Amino acid sequence: MFLTRDIGIDLGTANILVYAKGQGIVLQEPSVVAVNKGTGKVLAVGNAAKQMIGRTPGNIVAIRPIKEGVIADFEYTQTMLKYYIDRALKGRKILEKIRVVICVPSGVTPVEERAVKESALNAGAKHAYIVEEPMAAAIGVGLPVYEPTGSMIVDIGGGTSDVAVISLGGIVNSCSIRIAGDEMDSAIMNHVKKAYNLAIGERMAEEIKINIGTAFLTESNKDKVYEVRGRDLLTGLPKTVLVSAKEIYTALVEPVKEIVDAVKTCLEKTPPELAADIMDRGIMMAGGGSLLDGLPKLLSLETGIAVYLADEPLNAVVLGTGKILENVDILGAASSKNGKYHYIR
């Protein structure tokens, strides 16, 4: 059986996806670690840890070491990366250490970027390459990034929304905001708390978003309702209420507006020739947040440009790392001459 020594990682705020060269996507699990507060020992990672969110005893806490697309807890991120790298290699020991391509938001600082790279190296990688998420997403969805024509990608993840205009293998203009899927969940939690005096968790908020969340109200979706379970803040007892799609639409107006404004800002800074290309070719959307009902339609109306949703929006970034892995040697040689990659560092 083919054993790869090269893997690509989409280091997302909500989920981590791992691509093994020659095998495709081998892992897709939540970016969650369950920790014993007393000893600091990691008890579970990924799906097993996510099941513990909101359900753990006092001495166990389920945390997300990645916040808004960057490392918030270095130690637990390193533990999580090592766990996923070992899983990707199916626990088999190899003589040579592996090469890893890791995606980060386009707006990360050099310090945050270095923390990601060091986490990968400490987790067992021999070489760690950092690539910006919008570029990886554009490659993953098949945009002509190497051609002398403008392409726009909007990648909405859990912690960040990245917008980029790409041409000739480089990012011409980009905008990254730390408002995305998690911010939408928070807006839903706050609405339910204010409107019904009901406390709900992140998982319930995400369920509401998936089932009746919308960025564009229509006759067909405005009357949808969803049964929401939580804790009554007045009595402290469990309580169930029905929440409508219209309410959730109102709750999501602010974060959705921020994302639309980021796209407009990026378009305003785009050179006229590339802007004309984008008008002709349209805007491509990727990332889990782009699956919010009505968001592509709203973005199209706001910009006057056709908007398309990628075939596999959740996998776009990690599929891009898979294609990048095929060119790591060439890119590494090019990098040594000028100290910087076109899109990989």
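For the structure itself, look to the data block above.
Residues numbered from 1 in each chain as written. Predicted model: local features only at pLDDT ≥ 70, side-chain atom pairs only at ≥ 80, totals over all residues. Heavy atoms only, no water.

> Could you give me a rundown of the overall build of the protein, with the residues and numbers involved?
From N to C terminus, the protein includes 11 helices and 18 strands. What you see for the protein is a C-alpha radius of gyration of 21 Å, in line with the 20 Å of a compact globule of 345 residues. Reported as C-alpha extents along the three principal axes, the dimensions of the protein are approximately 65 × 55 × 35 Å. The burial tally for the protein puts 52% of its 345 residues in the buried class. (Helix = DSSP H or I, 4+ residues; strand = E, 2+ residues; numbered from the N terminus. Rg over C-alpha atoms; globule rule 2.2 N^0.38 Å. Buried < 20%, exposed > 50% of the residue type's maximum accessible area, 1.4 Å probe, protein only.)

> Just give me the short version of the pattern of salt bridges, but keep the residues and values in it.
What the rule picks out here adds up to 12 salt bridges. Taking the shortest distance from any N to any O, the salt bridge between D86 and K82 comes out at 3.2 Å. A residue pair is termed a helical-turn pair when its members lie 3 or 4 positions apart in one helix, as D86 and K82 do in helix α2 (residues 74-88) at 4 residues. A residue is classified by how much of its surface remains accessible, and D86, at 32% relative accessible area, is partly exposed. Relative accessible area serves as the criterion here: at 40%, K82 is assigned to the partly exposed category. K209 serves as the salt-bridge partner of D185, at 3.1 Å between the closest nitrogen and oxygen. On the criterion of sequence distance, the pair formed by D185 in helix α5 (residues 181-196) and K209 in helix α6 (residues 202-212) is long-range, its members being 24 residues apart. (Salt bridge = Lys/Arg side-chain N within 4 Å of Asp/Glu carboxyl O.)

> Break down the packing of α5 against α6 for me, citing the residues and quoting the values.
Two numbers describe how α5 lies on α6: the axes approach to 9 Å, and their chain directions differ by 100 degrees. With respect to each other, α5 and α6 are oriented roughly perpendicular. Across from G181, M184, D185, I188, M189 and V192 in α5, the residues of α6 making contact are E202, A205, E206, I208 and K209. When the residues that make up the contact of α5 with α6 are grouped by side-chain class, the tally is 6 nonpolar, 1 polar and 4 charged. (Axes fitted to C-alpha atoms, helices over the stretch in contact; angles between N-to-C directions. Parallel < 35°, antiparallel > 145°, perpendicular 65-115°, else oblique. Contact = heavy atoms within 4.5 Å. Nonpolar A, V, L, I, M, F, W, Y, C, P; charged D, E, K, R; others polar.)

> Would you mind going over the sheet that holds strand β2 (residues 15-20) in detail, with residue names and values included?
Backbone-to-backbone hydrogen bonds join strands into a sheet, with any given pair of strands oriented parallel or antiparallel. Read across the sheet, 5 strands follow the order β3-β2-β1-β9-β10 without closing on themselves; strand pairing throughout is mixed. Each having just a single partner strand, β3 (24-30) and β10 (125-132) make up the two edges of the open sheet. Averaged over neighbouring strand pairs, the angle between their axes works out to 20 degrees when direction is ignored. Along the sheet, α2 makes contact with β1 (6-11), β2, β3 and β9 (98-104), crossing β3 at roughly 145 degrees. (Pairing = 2+ DSSP bridges.)

> Break down the side chain of D162 for me, with residues and values.
One can find D162 in strand β12 (residues 161-167). Here the side chain of D162 touches T160 through a polar contact of 3.3 Å, side chain to side chain. Every residue in contact with D162, bar those within four places of it in the chain, is listed here: P105, S106, G107, E133, P134, I153, V154, D155, C175 and S176. (Polar contact = N/O pair within 3.5 Å; in protein donor to acceptor, adjacent residues only side chain to side chain.)

> Now, about a nonpolar patch on the surface: what can you tell me, with residues and values included?
A cluster of nonpolar residues, L291, L309 and L314, forms a patch on the protein surface that exposes about 250 Å² of accessible area. Mapped onto the elements, L309 comes out in strand β18 (residues 307-309). L309 sits in the partly exposed class, given a relative accessible area of 37%. (Patch = residues over 30% accessible without salt bridge, like charges linked within 9 Å, V, L, I, M, F, W, Y side chains within 5 Å. Areas by Shrake-Rupley, 256 points an atom, 1.4 Å probe, with all protein chains shown as cover.)

> Please set out helix α3 (residues 110-122) residue by residue, giving values where relevant.
Counted at 1.5 Å a residue, the expected span for α3 with its 13 residues is 18 Å, and the 18 Å between its end C-alpha atoms agrees. In this structure, the buried side of α3 is in contact with β1, β8 (70-71), α2, β9 and β10. Where α3 ends, the next residue or the one after it, G124, has phi of about 125 degrees, a positive value. (Expected span 1.5 Å × (residues − 1).)

> I'd like to hear about the layout of surface pockets, residue by residue, with values.
Empty pockets left among the atoms are what a rolling probe the size of a water molecule brings to light. Put simply, the largest pocket is a space of about 680 Å³. Among the secondary structure elements, those contributing two or more residues to the lining of the largest pocket are β1, β2, α5, α6 and α10 (316-325). For the lining of the largest pocket, the element with the highest residue contribution is α5, accounting for 4 residues. In the lining of the largest pocket, the residues fall into 11 nonpolar, 14 polar and 10 charged. (1 Å grid on protein atoms, 1.4 Å probe; cavity = no way out; pocket = protein on both sides within 12 Å on 5 of 7 lines; lining within 4 Å. Points joined across faces, edges and corners; volume = space filled by probe spheres on them.)

> Can you explain the packing of aromatic side chains? Please cite residues and give values.
Throughout the structure, instances matching the rule amount to 1 aromatic pair. Taking the centre distance of 5.2 Å and the plane angle of 70 degrees together, the rings of Y83 and Y84 count as edge-to-face. Note on Y84: relative accessible area 1%, which makes it buried. (Phe/Tyr/Trp six-rings, centres within 6.5 Å; stacked < 30°, edge-to-face > 60°.)

> An account of the pairing of β12 is requested, with residue identities and associated values reported.
Burial runs high along β12: 7 of the 7 residues are buried. Neither face of β12 is left uncovered, since the one carrying S161, V163, V165 and S167 and the one carrying D162, A164 and I166 both have all their residues buried. Of the strand pairs in this sheet, strand β11 (residues 151-156) and β12 are connected by 6 bridges, and their pairing is antiparallel. Bridge pairing in β12 links D155 to D162. In this structure, the hairpin formed by β11 and β12 is closed by a connection of 4 residues.

> Explain the environment of D280 to me, using residue names and the numbers behind them.
Position of D280 among the secondary structure elements: in helix α8 (residues 272-281). A C-alpha to C-alpha distance of 8.2 Å links D280 and I305, two positions 25 residues apart in sequence.

> Tell me about the sheet that holds strand β6 (residues 60-63), and name the residues and values.
Pairing is antiparallel across the open sheet formed by 3 strands, whose spatial order is β5-β4-β6. Strands at the two margins of the open sheet, each flanked by one partner only, are β5 (42-45) and β6. Sheet twist, expressed as the average angle between the axes of neighbouring strands with direction ignored, equals 20 degrees. Against the sheet, α2 contacts β4 (33-36), β5 and β6, and its axis sits at roughly 55 degrees relative to β5.

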